[in-house]
Amino acid sequence: MKIPWMNLINCIVLVVFCYSIEVCNGQDYGGEEVVKAAPPPAQENCDGVFVTYAFDNREREYPFVKNVTAQAWAFTSMLTVINTGLFELKSWKVQVGFQHNEVLISTDGAVAMGGDGFPVKTGKNGTVLAGFPQADLKTAIDTAGDFTQMAAQVKIKGTQFGVPTKSTPMPKSINLLNDGYKCPAPKKFKTFMQMCCKKDPKFKPKNTSIKFMERQNGDLSFTYDVLSAFENKYQAQVTIDNISPLGRLDRWNLTWEWMRNEFIYSMKGAYTHKKDPSECIYGPQGQYYKDFDFSVVMSCQKKPVISDLPPEMENNDKLGKLPFCCKNGALLPTTMNGTKARSIFQMEVFKLPPDMNRTALYPPQNWKIEGRVNPSYKCGPPIRVDPTGFPDPSKIGITLNAVASWQITCNISRPQPKQAKCCVSFSAFYTDSVVPCNTCACGCEQTSKCDGNAKPLPLPAQALLVPFQDREKLAKEWNRIKHLGAMPNKLPCPDNCGVSINWHLESNYKTGWTARMTLFNWGNDPFVDWFTAVQMKKNIGDGYENVYSFNGTKLPQRTNTIFMQGLKGLTYLVGQVNGTNPNKDPKVPGKQQSVISFLKKNTPNVNIEGGDGFPSKVIFNGEECALPPNFPKSHAAFKSQVGLLPAVLLALLTFLLLTDQFH
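Note that the structure is predicted; figures quoted are calculated from it, not measured. (Residues numbered from 1 in each chain as written. Predicted model: local features only at pLDDT ≥ 70, side-chain atom pairs only at ≥ 80, totals over all residues. Heavy atoms only, no water.)

**A closer look at the overall build of the protein chain**
Stage number 1. The secondary structure content of the protein chain amounts to 9 helices and 39 strands.
Stage number 2. Put simply, the protein chain has 663 residues, and 44% of those count as buried.
Stage number 3. For the protein chain, the accessible area works out to roughly 36,500 Å², and carbon and sulfur atoms hold 55% of it. (Helix = DSSP H or I, 4+ residues; strand = E, 2+ residues; numbered from the N terminus. Buried < 20%, exposed > 50% of the residue type's maximum accessible area, 1.4 Å probe, protein only. Areas by Shrake-Rupley, 256 points an atom, 1.4 Å probe, with all protein chains shown as cover.)

**Remarks on the nonpolar core**
Stage number 1. Counting 35 residues, the largest nonpolar core has W503, M517 and F620 as its most contacted members.
Stage number 2. When contributions to this core are tallied by element, the ones reaching two or more residues are β26 (422-428), β29 (499-508), β30 (512-521), β33 (544-547), β35 (561-565), β37 (590-599) and β38 (617-620).
Stage number 3. Contacts of M517, omitting those with residues within four sequence positions, involve I501, N502, W503, T532, V534, F550, M564, Q592, Q593, S594, I596 and V618.
Stage number 4. Residues L254, W258, V349 and A404 belong to the second largest nonpolar core, which totals 32 residues. (Core = buried A, V, L, I, M, F, W, Y, C linked by side-chain atoms within 4.5 Å. Contact = heavy atoms within 4.5 Å.)

**Side note on the packing of aromatic side chains**
Stage number 1. According to the stated counting rule, one finds 33 aromatic pairs in the structure shown.
Stage number 2. Where F292 meets F350, the ring centres are 5.3 Å apart and the plane angle is 70°; that geometry is what we call edge-to-face. With F292 in the loop between α6 (284-288) and β18 (305-308) and F350 in strand β19 (residues 342-350), this pair connects stretches of sequence that are 58 residues apart.
Stage number 3. The exposure class assigned to F350 is buried, which follows from its relative accessible area of 6%.
Stage number 4. Connected via pairs of aromatic rings, a cluster forms that spans F222, Y224, W252, W256, W258, F345, W367 and W406. (Phe/Tyr/Trp six-rings, centres within 6.5 Å; stacked < 30°, edge-to-face > 60°.)

**Focus on the state of the cysteines**
Stage number 1. In this structure the tally under the stated criterion is 10 disulfides.
Stage number 2. Here C46 is linked by a disulfide to C196, with a sulfur-sulfur distance of 2.0 Å. Given an S-S torsion of about 85°, the disulfide between C46 and C196 has right-handed geometry. Pair noted here: C46 is in the loop between α2 (41-44) and β1 (49-60) and C196 is in strand β12 (residues 192-199), with a separation of 150 residues, a long-range link.
Stage number 3. Here C183 pairs with C197 through a disulfide, and the sulfurs are 2.0 Å apart. Handedness here is read from the sign of the S-S torsion; for C183 and C197, about 115°, the answer is right-handed. Taken as a pair, C183 in the loop between β10 (181-182) and β11 (187-188) and C197 in strand β12 lie far apart in primary sequence, 14 residues in all.
Stage number 4. Of the residues examined, C197 reaches a relative accessible area of 0% and is grouped as buried. (Disulfide = S-S within 2.5 Å.)

**Considerations on the pattern of salt bridges**
Stage number 1. Summed over all chains, the structure comprises 12 salt bridges.
Stage number 2. Here K233 makes a salt bridge to E348, at a shortest N to O gap of 2.9 Å. Placement of the pair is K233 in strand β14 (residues 233-242) and E348 in strand β19, with a sequence separation of 115 residues.
Stage number 3. Residue classification places E348 among the buried residues on the basis of a relative accessible area of 15%. (Salt bridge = Lys/Arg side-chain N within 4 Å of Asp/Glu carboxyl O.)

**Describing the pairing of strand β2 (residues 72-83)**
Stage number 1. The element β2 is extensively covered by neighbouring structure, given that 9 of its 12 residues are classed as buried.
Stage number 2. One ladder, built from 11 bridges, connects β1 with β2; its direction is antiparallel. For V51, the partnering residue across the bridge sits in β2 and is V81.
Stage number 3. Here β2 runs beside strand β8 (residues 151-161); their pairing, made up of 11 bridges, is antiparallel. (Pairing = 2+ DSSP bridges.)

**Details of helix α7 (residues 472-482)**
Stage number 1. Within the span of α7, buried status applies to A475, W478 and N479. Mapping the buried residues of α7 onto a view down its axis gives an arc of 100°, with all of them on the same face. In α7, the exposed residues that point more than 90 degrees away from the buried face are K473 and R480.
Stage number 2. Of the surrounding secondary structure, the elements contacted by the buried residues of α7 are β27 (433-434) and β28 (459-460).
Stage number 3. Of the residues flanking the end of α7, it is H483, one or two places downstream, whose phi is positive at about 55°. (Arc of directions from axis to C-beta.)

**With respect to the side chain of T52**
Stage number 1. With respect to the element layout, T52 can be found in strand β1.
Stage number 2. Judged by relative accessible area, T52 falls into the buried class, the value being 15%.
Stage number 3. With residues up to four places along the chain from it excluded, the contact list for T52 reads M78, L79, T80, I174, M193 and Q194.

**Some remarks on the sheet that holds β33**
Strands in a sheet are paired, the pairing made by backbone hydrogen bonds, and the direction either parallel or antiparallel.
Stage number 1. An order of β26-β29-β30-β37-β33 is seen for the 5 strands of this open sheet, with the pairing classed as mixed. Whereas interior strands pair on both sides, the edge strands pair on one side only; in this sheet they are β26 and β33. Across the sheet, the mean angle separating the axes of adjacent strands is 20° when strand polarity is ignored.
Stage number 2. In the sheet, β26 pairs with β29 via 7 bridges, with the strands oriented parallel. Along β29, the bridge assignment pairs S427 with H504. (Axes fitted to C-alpha atoms, helices over the stretch in contact; angles between N-to-C directions.)

**Section: the pairing of strand β34 (residues 551-554)**
Stage number 1. Of the strand pairs in this sheet, β34 and β35 are connected by 4 bridges, and their pairing is antiparallel. Residue pairing across strands places G552 opposite M564, the latter belonging to β35.
Stage number 2. Here β34 folds back onto β35, and the loop between the two strands holds 6 residues.

**As for a nonpolar patch on the surface**
Stage number 1. There is a patch of nonpolar side chains on the surface, built from L86, F87 and I141 and spanning about 350 Å² of accessible area.
Stage number 2. Looking at the secondary structure, you find L86 in the loop between β2 and β3 (93-96).
Stage number 3. Given a relative accessible area of 57%, L86 falls into the exposed group. (Patch = residues over 30% accessible without salt bridge, like charges linked within 9 Å, V, L, I, M, F, W, Y side chains within 5 Å.)

**Details of the confidence of the model for the protein chain**
Stage number 1. For the protein chain, the average pLDDT comes to 86, and 88% of its residues sit at 70 or higher.
Stage number 2. Looking at the elements of the protein chain, mean pLDDT is at its lowest for helix α9 (residues 636-662), recorded as 41, and at its highest for β14, recorded as 97.
Stage number 3. In this model, residues 11-31 is a region of pLDDT below 50 whose contacts with residues beyond four sequence positions or in other chains number 0 contacts.
Stage number 4. Low pLDDT (under 50) marks residues 636-663, which in the prediction has 0 contacts with non-local residues, meaning those over four places away or in another chain. (pLDDT = per-residue confidence, 0-100.)

**Remarks on the environment of A185**
Stage number 1. Here A185 lies in the loop between β10 and β11.
Stage number 2. Here A185 falls in the exposed class, since its relative accessible area comes to 65%.
Stage number 3. Separated by 11 residues in sequence, A185 and C196 have C-alpha atoms that sit 9.2 Å apart.

**As for unusual backbone geometry**
Stage number 1. Omega for the bond connecting Y62 with P63 falls within 30 degrees of zero, at -5°, which places this linkage in the cis form.
Stage number 2. Structurally, P63 can be placed in the loop between β1 and β2.
Stage number 3. Phi angles above zero are rare outside glycine, and N261 is one such case at about 65°.
Stage number 4. Following the sequence through the fold, N261 ends up in the loop between β15 (253-257) and β16 (263-268).
Stage number 5. Despite not being glycine, N496 has its phi angle at roughly 60°, a positive value.
Stage number 6. Mapped onto the elements, N496 comes out in the loop between α7 and β29.

Structure below.
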């Protein structure tokens, strides 16, 4: 048998060649550069800020239901903001128009504005996401194209509803909200959308000398100043300024969220509601500070609740002695008292790795403040502003600047239906019935024994002076006397408001008209330094003449708004008290009232009885009160027509009788 030497030699050569190729690949430790994927053409051609939203995936969540609209889906997506222009983008904000009842569980790389922490329910217009911790996006020129400094990627995770199985759930739109940029409608594709926002050539910043963001205007402003900084801690001062002429806070409670495991060691001018060292001992704080005495720490909570100190602590060497501190949580508008429109407290904050250097400073997020019968505030994220300047204690003219400063701006939001804290009833001289406060105006916890959606029943005027549980008999009797129709089997629920206000149209004559305003306090505690404001329709405010039992004035910046507060010695709106016979008589609310007069000289053609005599907005202690959906109607025209009908019928009958007699 002959051996096929040529075939054998060819096989050996082939094996050696393959082995040589394998060895070469094994010895290649990066000699060839990895080719990066080219950016999309739209990004390459964008001279401004390039924003994209990309849908990743979704999975059906428990419970599994047959109803498509009720089925929950877990989804993930990515929001990307890239600075492709020549100017640094400071404190970026993007509105994502979610439209499938999304509940955001986390947004890694951003925070949800106006939220109280996760989970966050998106509204009708979606949610605004603000950059954190990377709030500022630098340019490619200043960073040599470092993508990590000029771009932010936000990983979004959440739950959505009402999405068909085979569809791709996308937002309605995306939009960059930073001042000075104009954005076109985003280009939409199946799984992503994108847009290029460019600098508005017509936009001119008010102050070009500032290094950071310009300070914002709002109804309420927080300033977070770092007064001194060390490697593992810093001293901070929080200043609260009430800017709105109609804003107010009583016994305020402030909350925020620490995002990097910070904790409050000590505090002056305020205190935290809970002091629990175990939250630090068993947390990352205790793992790092192993020999630390956490029993003396003010607060280890991720979301502390902070309140103002009472006035008697103002001169306390350890806790007080700060300007504008210790007012028991009262923040009055400047229209009442300028010195009580500001509150200040200080605290010592400890940090954890990786922030162990003097310049690693991050303010807390998700600021929220509440009070007693006060407006609801929606707060934005902290924005970096130029350091706050403080006067030098030596008074030699030197200004001391903070190490770093942030501003948090809050605006008053209108209360949602059935979520008010006060309500208004309407009455008038030309009708006997009162249009009461709306059913469940301030919420209803139980509706098993009453109808939470029914219209309130008309009431006699004396019913306003008794608690709601004692009005049922009066309402039924009034309904019988006035022949208002059959009573419903399930009566309307009460308004459940601690404060109610009655606006009574008292007179209407040729040269002017008057109204009477009555305040009712159904709570047990008095309101100190109370105020109320009414906003009239059209130009009715131009005819304002006087308030007789209150201290009243027309606000210059809001010409149609009349501001009223108690006269000296009458600044307390007392709480409800027992009746003359507590065993038999109902409780009596605290009450104050005044007549308000208007002239018609400057407001011709007003229809007082047609609705112009009733306010379009009523505010008590900064809180917007719920108004009735309608006002008392005048029946004068109807009565005149009814009164004319018998005379017409009598004339017609006489004519017929005479005609019949002649025949």
